[in-house]
Amino acid sequence: MPRVNRTLVFVLLLVSSCAFLLFQLYYYRNYVSKQTGLHLLNPAGHVTSSQVQWQTLKKFLALAQYFRLPLFLADTAALTLLSQDALRQRDRMMREPHCSFLCTGRPITSFVLSANQWKLSPGFLLAAEQKGFELLEVRGRDPRLASLDTLSGEEIPLHFLFRLHGYIIHVVLLYERSGGYLWHGVLRLKANVDRSFAPFMLLDYGRHAGAYDRPELMLTVVDNLDVRVPRNISRFLAQQQQARFLECRYHDARSFLQLYPDDSSAAAVEFQRKAKTLLRLAAQTLGGLDVPFWISSGTCLGWFRQCSIISYSRDVDIGIFITDFRPDIMTAFQDAGLSLKHKFGKVEDSLELSFLGEDVKLDIFFFYKDGDVVWNGGTQAKSGRKFNHVPVL
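Cut-offs applied
Residues numbered from 1 in each chain as written. Predicted model: local features only at pLDDT ≥ 70, side-chain atom pairs only at ≥ 80, totals over all residues. Heavy atoms only, no water. Disulfide = S-S within 2.5 Å. Buried < 20%, exposed > 50% of the residue type's maximum accessible area, 1.4 Å probe, protein only. Helix = DSSP H or I, 4+ residues; strand = E, 2+ residues; numbered from the N terminus. Phe/Tyr/Trp six-rings, centres within 6.5 Å; stacked < 30°, edge-to-face > 60°. Lys NZ or Arg CZ within 6 Å of the ring centre and 35° of its normal.

Participant: Just give me the short version of the state of the cysteines, but keep the residues and values in it.
Facilitator: Counted by the stated rule, this structure contains two disulfides. Between the sulfur of Cys-99 and that of Cys-103 lies a disulfide, 2.0 Å long from S to S. Because the torsion about its S-S bond is 85°, the bridge between Cys-99 and Cys-103 counts as right-handed. Its relative accessible area of 1% is what places Cys-99 among the buried residues. The disulfide partner of Cys-248 is Cys-307, and the gap between their sulfur atoms is 1.6 Å. One disulfide, between Cys-248 and Cys-307, carries an S-S torsion of -110° and so falls in the left-handed class. Of the two residues, Cys-248 sits in the loop between helix H7 (233-241) and helix H8 (250-259) while Cys-307 sits in the loop between helix H10 (297-306) and strand E11 (315-321), which places them 59 residues apart along the sequence. A relative accessible area of 10% places Cys-248 in the buried class. Assigning the bonded cysteines of the protein consecutive numbers by sequence position, one obtains the connectivity 1-2, 3-4.

Participant: Describe the packing of aromatic side chains, naming the residues involved and giving the relevant values.
Facilitator: Scanning all chains against the criterion turns up 21 aromatic pairs. Arranged with centres 5.8 Å apart and planes meeting at 75°, the rings of Phe-60 and Phe-133 form a pair that is edge-to-face. With Phe-60 in helix H2 (residues 49-66) and Phe-133 in the loop between helix H6 (124-130) and strand E3 (134-141), the pair connects residues that are 73 residues apart, well separated along the chain. In terms of burial, Phe-60 and Phe-133 fall into one category: buried. Their ring planes at 20° and their centres at 5.7 Å tell us that Tyr-212 and Phe-236 sit as a pair that is stacked. You can see Tyr-212 sitting in strand E7 (residues 210-212) and its partner Phe-236 sitting in helix H7, a full 24 residues away along the chain. In this pair, the class of Tyr-212 matches that of Phe-236, namely buried. Taken together, Phe-60, Tyr-66, Phe-67, Phe-111, Trp-118, Phe-124, Phe-133, Phe-160 and Phe-162 form an aromatic cluster joined through their ring pairs. Across the ring face of Trp-183, the terminal group of Arg-177 is positioned such that the distance to the ring centre comes to 5.3 Å. Above the face of the Phe-271 ring, Arg-314 is positioned so that its terminal group lies 5.3 Å from the ring centre.

Below, the structure is given as structure tokens:
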């Protein structure tokens, strides 16, 4: 019987083991590693969609942190969960401990980023694509460059959608406007864009342009991930519901002013300056009271018709629903430096307040709802006669 060569056997076993290890490495790199997140199993041994979504968010947020992009969470569903009471949060964590707030059952998570910060990280998009994210960039014209003198602006990035494993991360860019507020543009798809890239009808942002106050942010831990959120979540969500922004129609205003030139005298220009200052003061005062308002009557006509204050007007008009009336409104305006000129009517019927600042009058009309009809009362200062006005919509 031939004698077995032990060295030969050892070499054969070593070669076989190395070949097997190389095969395992090849299989992992080409099949398993491309399915990031799919190897996560719940205690029952099954992959859950929330686990895959959490892994997608983790990868994206880690990338944003590496590039120092201060994204903040603006997803309405996730923020609503975070703003609810602690008991509901605890119950949800018990049902889904891995991803309790960010995984809302929707295939989209929304974040917001300042456009100024975006410009500082040009390599982020390339790095995201290298990590497996598919990208859709939506651009639009920059309204900050539009005016009565020029009706066109260069295109700027407005929205970015990142897709991985069927989940969408929507990044909304906020631009600072001259009034001190933050603005995002409408998400308008061009003809050659793949409409199946994302469920666009489910997006929280983009159906229309929006305007926001600058939110105070805080860094916290949500589902074991470092995330920035608005410090006052309820206020941000309330503002998001009423954030629709209407851009001035510069083309129509330009056509109107060509037919009816605006008064450019020093007195008219000074009045417009005072009126804008008064309107800004009113916005700040009512904003501090959380009282929503709108420009009304002649002030609204001036914005709609000529993108400005009517030069021959002598006051500023705003409207407030009577349901938003607060007794401290008068005190707040007086504390802001305005004097009470008139008070007509009463809270139950036809209330109207007038304040004076820098020789320009601020008229506050309160609107009442009577079934399907919205009306406001008016009182003639000299005669005391009362009128009810029903706006034609």
